[in-house]
Amino acid sequence: MKICAVQGSPRGMGSRTRKLARWVLDGAADAGAEVDLIDLTDLRITPCIACDSCSLDGACVFDDDFTAAYARMIEADALVFASPVYIDGVTGQMKVFIDRLADAIHYQTCAGKYGCAVATTWGSGGDAVVSYLNHVLNYLGALAVGGMGVALGDDPESIYGAEEAARDLGRRLFEAVRTHPSYPEQEAEIAENRACFAAIVRENRDWRPEEYERWVRMGWMGEEE
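These notes cover the structure that comes with them. (Residues numbered from 1 in each chain as written. Predicted model: local features only at pLDDT ≥ 70, side-chain atom pairs only at ≥ 80, totals over all residues. Heavy atoms only, no water.)

Regarding its fold elements, the protein chain presents 9 helices and 5 strands. On C-alpha atoms alone, the protein chain measures out to a radius of gyration of 18 Å, which is about the 17 Å that the 2.2 N^0.38 rule sets for 225 residues. Expressed along its principal axes, the backbone C-alpha trace of the protein chain runs to roughly 60 × 35 × 30 Å. With 225 residues in all, the protein chain has 47% of them scored as buried. Long-range contacts, defined here as pairs at least 24 residues apart, represent 75% of the contacts in the protein chain between residues at least 6 apart. Just so you have it, the protein chain exposes about 10700 Å², and 50% of that area is on carbon and sulfur atoms. Computed over 21 positive and 36 negative side-chain charges, the inter-centroid distance for the protein chain is 3 Å. (Helix = DSSP H or I, 4+ residues; strand = E, 2+ residues; numbered from the N terminus. Rg over C-alpha atoms; globule rule 2.2 N^0.38 Å. Buried < 20%, exposed > 50% of the residue type's maximum accessible area, 1.4 Å probe, protein only. Contact = heavy atoms within 4.5 Å. Areas by Shrake-Rupley, 256 points an atom, 1.4 Å probe, with all protein chains shown as cover. Lys, Arg positive; Asp, Glu negative; His and termini not counted. Charge placed at Lys NZ, Arg CZ, Asp CG, Glu CD.)

What follows covers the environment of Gln 93. If you trace the backbone, Gln 93 turns up in helix α4 (residues 92–99). By relative accessible area, Gln 93 is classed as partly exposed at 31%. Between the C-alpha atom of Gln 93 and that of Asp 39, which follows or precedes it by 54 residues, the distance is 9.7 Å. Beyond its immediate chain neighbours, meaning those up to four positions away, Gln 93 contacts Gly 8, Pro 10 and Leu 40.

With respect to the secondary-structure elements, Asp 57 resides in helix α2 (residues 53–57). With relative accessibility at 54%, the residue Asp 57 sits in the exposed group. For the pair Asp 57 and Met 1, spaced 56 residues apart in the sequence, the C-alpha separation amounts to 29 Å. Of note is the side chain of Asp 57, whose polar atom sits 2.9 Å from the backbone nitrogen of Ala 59. (Polar contact = N/O pair within 3.5 Å; in protein donor to acceptor, adjacent residues only side chain to side chain.)

Laid out in structure tokens, this is it:
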């Protein structure tokens, strides 16, 4: 089992968000998972320009570090999304990465995975960012097992009070991959999203027949003549 975390703080090894994501991975690793941490600030990822080229063949027009990071995500059985709160939202680094996941969302390439989200903040907005990141996981077709937002204030050491809860979240994520629990509300939302994305898959079936056949095989839409 492999669990991959994507963290969007630009503060490098000193980032408290990175610590939080690392603890989630440590909890999963203690339970037996292989873990991987992607630091977006180390990568060169160009913002999406909505050219729709990826819809035709699944490849982006930009030759940058996104492809390798995305491959690491696809190899994983579960995902952890992590970001500090910047002006009531995720960081720019995290948002650019999420925008580049449009094709993965439309074609549901992360279906069957589980995930969770973590966020740090000075005083507010943490829960909203966690909710947003878990929403992105659902958009990707993954089921979210939960998340945690941590308000840190001015105390640089306060993050350590969240370590055990973060490790426990990692253990819960590991257990979800192992036991495949159901989340009916999320599954209903994912099914509703797929009903919309099916139009894209159907429209591009001549260019991407394997993806079209996968959707038919998965029962996400009916086969057409």
